[in-house]
Amino acid sequence: MNFVLLLCRNLTLNFTIMKKLILCAVAFTSIASAQGQNKKGNHLVGVNVGSGNYSSSNYDYIYSSTTTTYKGDSKYFNIGIGPEVGWYLTDRFVLGTYLNLSYYNSKSNSSNSSSSVTTNSKSNSVYFTLGPSARVYLGKMNGKGMPYAQVNTGLSFYPSDNGESSNSSNTYHYTYKTKNYFSWNVGPRFGYEHFFNERIGLHYYIGYSYTKYKYKYEYD
C-alpha cells in the first residue's frame, strides 16, 4: 500500500485566460511498502493539500489619440485541496485520477485622469476538478531518484460563481452569477522525484497547462 502527500505551490507566469505556465515544487511522497518506491502493483493514495496561486498586477497606459491616462490594479487568489489515487501498471508507468476542490477570489479597481470616479469589481468562485493523469519514470531504475514525465487533464465545474461591480459615484451597481460554467484543461509536467528512503520522496517539476472556458452570465 502506497501513500502520497502532495504539497505544491503554483506560480503563474502567463496571466492570459487560455494559457498558463506554472512552476511547482515541494511534493512529498510517503510510501508504506517494503518492496521499493517503484513497483508494479503498488498504489498511490493521497491528498493535494496546498496547491494554489496568487497574482497582483497594475497597469498605467495612455492612447495616442487622447491625453487621458488610464490606471488600475487587480489581485486574485486561488487555493485547492483534494484526493489523488494512482496505480503502478508497471514499475515505470503510473495511471491515476484526482479530484480537487478549489476557491477563487478576485478584486480589481480602475480609474482615469479625466474623471474622479473609480470603478471596483470583485468575484468569488467555488469549483471542483476531476480528471485522469499518467506518469512515466525515465532513466535507470534506482533507489535514489528518477526523472519523470506526466500528463494531466480534467474538467472543472462551478456550482458557485458570482460577482459585483460598482463605481464611486453610485451611478451604477450590478451583480452577476454564471450558469452552465465549466472549463477543460490539459498539459504536461516534467520533473524529478528524489527518494529519501522507501517511504519518503520529494518531487520537483515544471509544467504547462492549456485551459478553455465556457459559461453564460446572468446579470441583475
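None of these values were measured; they are calculated from a predicted model.

Conventions adopted
Just so you know, the residues in each chain are numbered from 1, in the order the chain's sequence is written. Local features in this predicted model are restricted to residues of pLDDT 70 or higher, and side-chain atom pairs are both shown and tallied only at a pLDDT of 80 or more, whereas totals for entire chains, interfaces and linings draw on every residue. Only hydrogens and water are removed before side-chain values are computed, so all heavy atoms of the structure are retained for them. When the centres of two rings from Phe, Tyr and Trp lie within 6.5 Å, Trp using its six-membered ring, the rings pair. Their planes under 30 degrees apart give stacked, over 60 give edge-to-face, and anything left gives tilted. Working definition: with a 1.4 Å probe on protein chains only, accessible area under 20% of the residue-type maximum means buried, over 50% means exposed, and in between means partly exposed. Residue-level confidence of the predictor is what pLDDT reports, using numbers from 0 through 100. Every helix listed is a DSSP run of H or I at least four residues long, and every strand listed is a run of E at least two residues long, numbered separately from the N terminus. Any two residues having at least one pair of non-hydrogen atoms within 4.5 Å are treated as being in contact.

Q: Explain the packing of aromatic side chains to me, and be specific about the residues and the numbers.
A: Applying the stated criterion to the full structure yields 16 aromatic pairs. Where Tyr63 meets Tyr70, the ring centres are 5.8 Å apart and the plane angle is 75 degrees; that geometry is what we call edge-to-face. Classification of Tyr63 as partly exposed rests on a relative accessible area of 47%. You can call Tyr70 partly exposed: its relative accessible area is 25%. A network of ring pairs unites the aromatic residues Tyr127, Tyr158, Tyr181, Tyr213 and Tyr215 as a single cluster.

Q: So what about the confidence of the model for the protein chain? Which residues, and what values?
A: Taken residue by residue, the protein chain gives an average pLDDT of 78. The fraction at 70 or more is 77%. Mean pLDDT in the protein chain bottoms out at strand E2 (residues 11-12), which sits at 30, and peaks at strand E7 (residues 119-137), which reaches 92. The low-confidence segment residues 1-36, where pLDDT is below 50, has 124 contacts with residues more than four positions distant or belonging to other chains.

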